[in-house]
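# Secondary and tertiary structure notes
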Amino acid sequence: MDTEKQRWHTLETEQVLSSVKSDRQQGLSGAEAESRLEQYGPNALSEGKKKSVLQVFLEQFKDLMVMILIVAALISLATGEAESTIVIFAVLILNAVLGTVQHFKAEKSLESLKAMSAPSAKVIRDGVRTTVPSPQVVPGDIVELEAGDMVVADGRILENYSLKVNESSLTGESEAVEKTADVIPKGDVALGDRKNMVFSGSLVTYGRAVFVVTGTGMDTELGKVAALMNQTQQRKTPLQQSLDNFSKKLAIIIMAICALVFVLALYRQKPILDALMFAVALAVAAIPEALSSIVTIVQAMGTQKMARQNAIMKDLKAVETLGAVSVICSDKTGTLTQNKMTPQKIYADGMLLDGDQLDLANDVQRLLLKEALLASDATTDKETGAEIGDPTEVALVMLGNRIGVDEVAYRRQHPRLGELAFDSDRKLMSTFHSVEGVPTLYTKGAIDVLLERSAWLLTSQGKVEMTQERRAEIARVNTELSRQGLRVLSFACKELEAVRPLTLEDERDFTFVGLISMIDPPRPEAIQAVADAKRGGIRTIMITGDHKITASAIARQLGIFRDGDEALSGVELDAMSDDELDQRLEKISVYARVSPENKIRIVGAWQRKGRIVSMTGDGVNDAPALKAADIGVAMGITGTEVSKDAASMILSDDNFATIVKAVVNGRGVYTNIKNAINFLLSGNMAGIFCVLITSLANLPMPFAAVHLLFINLLTDSLPAIAIGVEPAGKGLLDQKPRDPKEPILTRSLLTRIMVYGALIAAATMGAFFLGLNNGGDALAMTMAFSTLTLARLFHGFNCRGESSLFRLGLTTNKASLGAFAAGVVLLAAVLFIPGLTTLFQVAPLTLPLAGAIVGLALVPTLIIQAWKLIRDLKKGR
Ligand code: ATP
């Protein structure tokens, strides 16, 4: 370790600390940070040993199917067809190169997604607080932490405000540990006892702190652990696994049929090598060589597209699950609504007034405003006039600004002596001030919490007892405001006996001051998205920390809450048994004043009904619910790092409509993969039928192994990828959510594969006989090969979607046109370029025969399109 690194690692003495403390306001300069970034490298854990290019390349040959092909090449060599052997090996190498490129491309695309979802850190540089992506944090940086943050580097705590962190990623201990800024005597101290240090990978569960970075990347405690572990294997997605299983089963069936064909040929007294070539052709015809790479390519392209549309998927597996989502549980504030709060009516001293009618001559109204400005952290940017901070608190500052009251002057007059920060569980926030020499606590928060804790009511006649009638009157006003969809914040105060540290116990026996209501309009696009989701058989549920009546009113505006639906509060949910919840579940569309535990129960209840559930969350405590949901969704802008870590999808615009869009995209990716499988397998089926027919009828071979490899690996791959990028059609929203248990190869898909395969085989056999009658075995083979290739290229258009091309539009998928053209060029090259004609053993074609190939190849597509058109017309599409 060089001396500079050493300096930061031993940063534990008072002496060094005090030097850093004097830098605390300033932090590193931008230039210093940059030079340290160069010196130490990016703050990222190396992912253990990455596979080398050669390793990945060699792995491509481990496949059972590839083994069969190598055997085929050797058999070709034995039969004296050296050209075939060369072509098979060339194709195999090309395939392995493509596989290797695709492996690294997929890895890169996953890495870029990872980088997009990497946590960020709040650092002080050049005296300014900026947010930087975690890889750019360097030793010596001053970093601020607050609840919900992820610690991105090791460091020594300089200032501590009740910091608690979860260090389970390092110690395995799930209980949060308290931290201190005190100097711990040096010596042999265990990790968990180094309470003045924070470690990379820990999560802040409570409080705030400022620390100086002492180690980054592999120089952290987590880095040391990571270095010991090898790279974790990228797990295959369920779809990839089921396709792998399918391929294995297919390989066994193929080998059995090959054996049968071989025996049959011997029985017909064909020479043994000819019999072997038949078996080899069948094996090559049947193996969908490109299937697995194409599925991965389509999935990777799907995630890139989603990222461009603000939904960042953290793994490929989630894309498949996404398409099966049938319940979306969404937070209200900021996701379904705009999170732009503006003040509306206020209630104080028994009067309900408009915000701008606030009268500072009235003692209660004046105190209400004073409290609103003192017990909040939002501010106004003096230059632009824009309000900055938590939207609920911004509304309070706006209220002051409307009647010309400057929050800064108020705050300077009454400095804050202490605070109990807002937390969604408590739903309160308190600040402590000296008001004319009297230590006073100002508390604001949810009315149901604060009203219960108020023993007095402030009126212009002074403090009066909070009677049942007065409480009922305030509750009535709250209901009236909430019914209009307004968020109602309540305010109370209390005198303390002395200036001292605050505890949560202080938040009781209040004097109630009044109410300030604010409006947070629904996002217009959310209304459409809720309707779209409903059309697609997806139920939207609102889950919020807000009041039940406010939430129901907003849910009604959004189309989530309909006549006959129910709204439930967290307390009511707690009182319910699981059985009761299961019975009423379908009716409940709004959950208000929920706790993070409530979210987990709601997810569990829907999952018991076999539904695939997505759940949003932004707080630290939401992490377990995000993990429990099938698709946990975190907020990219307002979400905590902890929630982003637990989620499988991050919304970079915090918008509900993006979730619905992502589900539609997930459905699209799944449908496209299914269509690509349909295309590849039906084409293969055509090849199998032809080889089986010719072998059973004791005819000459319809194709050489190279022909089938050429089709499977080259001319078929291009349309398959084009099908994979088919734009999501509107029809996706008319489908019901996919049954997650349904296998990808359904009976209806298998039937279609058979029928399409039979049609293409019929055309190919037609060409085969034409060749046989006009020139013999070699011409028959050339005709069969060309027709099969071209028919499969045409067939690419059939598999783009359920509907006919008239409905889909020929030019709506440009890639499919490009794939077709490229396929035709490749086929023409093989048929007409001299060297290639020898390699592919093709006979010369006359113009009429070439015309016959095109005509025959088009027939299956014409029949399929006619059938689709009739079905479209019947369905009124
Ligand atoms: P969501 O709908 O996303 O769950 P929410 O904003 O409705 O979010 P919380 O932020 O947990 O939920 O707020 C719950 C309640 O706490 C609010 O209805 C309000 O009464 C109160 N509250 C919100 N922000 C503050 C704040 N800054 N200070 C005091 N009380 C607040």
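Just above, that's the structure.
Residues numbered from 1 in each chain as written. Predicted model: local features only at pLDDT ≥ 70, side-chain atom pairs only at ≥ 80, totals over all residues. Heavy atoms only, no water.

### Some details on the state of the cysteines
In protein structure, a disulfide is the covalent linkage between the sulfur atoms of two cysteines. Put simply, the rule reads: Two cysteine sulfur atoms make up a disulfide if the distance between them is within 2.5 Å. The cut-offs for exposure are 20% and 50% of the maximum accessible area for each residue type, with area from a 1.4 Å probe on protein chains only; residues under the lower value are buried, those over the upper are exposed, and the others partly exposed.
On inspection of all chains with the given rule, the structure shows 0 disulfides. Considering cysteine sulfurs only, Cys 690 is the nearest to Cys 258, which forms no disulfide, with 15 Å between them. Overall, Cys 258 belongs to the buried group, its relative accessible area being 10%.

### Details of the sheet that holds strand E25 (residues 631-635)
We count it as follows: In this scheme, strands are said to pair when DSSP sees at least two bridges between them. Helix and strand assignments follow DSSP, with helices taken as H or I runs no shorter than four residues and strands as E runs no shorter than two, numbered in order from the N terminus. Here an axis means a line fitted to C-alpha atoms, over the contact stretch when the element is a helix, while the angle between two N-to-C directions is reported on a 0 to 180 degree scale. Should any heavy atoms of two residues lie within 4.5 Å, those residues are counted as being in contact.
An order of E8-E26-E25-E24-E9-E21-E23-E22 is seen for the 8 strands of this open sheet, with the pairing classed as mixed. The open sheet has two edge strands, strand E8 (311-313) and strand E22 (566-569), and neither has a second partner. If you compare each strand with its neighbour and ignore which way they point, the axes differ by 20° on average. Note that strand E9 (residues 327-331) and strand E24 (residues 613-617) share 3 bridges and pair parallel. Bridge assignment links Val 327 to a residue of E24, and that residue is Val 613. Docked against the sheet, helix H25 (residues 656-696) engages E8, E9, strand E21 (539-543), E24, E25 and strand E26 (649-651), running at close to 160° with respect to E9.

### Regarding the site of the ligand
Threshold: Any residue with a non-hydrogen atom lying within 4 Å of a molecule or strand is treated as near it. Polar contacts, as used here, are pairs of N or O atoms within 3.5 Å; protein pairs need one atom able to donate a hydrogen and one able to accept it. Residues neighboring in sequence count only if both atoms are side-chain atoms. Method for areas: the Shrake-Rupley scheme with a 1.4 Å probe, in which residue coverage is limited to the protein chains shown. Only Asp, Glu, Lys and Arg are considered charged in this grouping, and only Ala, Val, Leu, Ile, Met, Phe, Trp, Tyr, Cys and Pro are considered nonpolar; every other residue, Gly among them, is considered polar. Throughout the structure description, domain borders are defined by an automatic or database domain assignment.
Around the ligand, the structure places 19 residues, and the nearest of them are Thr 333, Ser 424, Arg 487, Thr 544 and Arg 593. Here an oxygen atom of the ligand and a side-chain polar atom of Ser 424 are 2.9 Å apart. The contact in question runs from an oxygen atom of the ligand to an N or O atom on the backbone of Gly 545, over 3.1 Å. In isolation the ligand exposes 620 Å². Once the protein is present, 90% of that is buried. Of all the elements in the fold, those that place two or more residues in the shell around the ligand are helix H14 (391-402), strand E16 (438-446) and strand E19 (487-495). With 3 residues, E16 is the largest single contributor of residues to the shell around the ligand. Within the shell around the ligand, the residues separate by chemical class into 4 nonpolar, 6 polar and 9 charged. Taken domain by domain, the makeup of the shell around the ligand includes at least three residues from each of domain 3 (322-338 + 523-654) and domain 4 (360-510).

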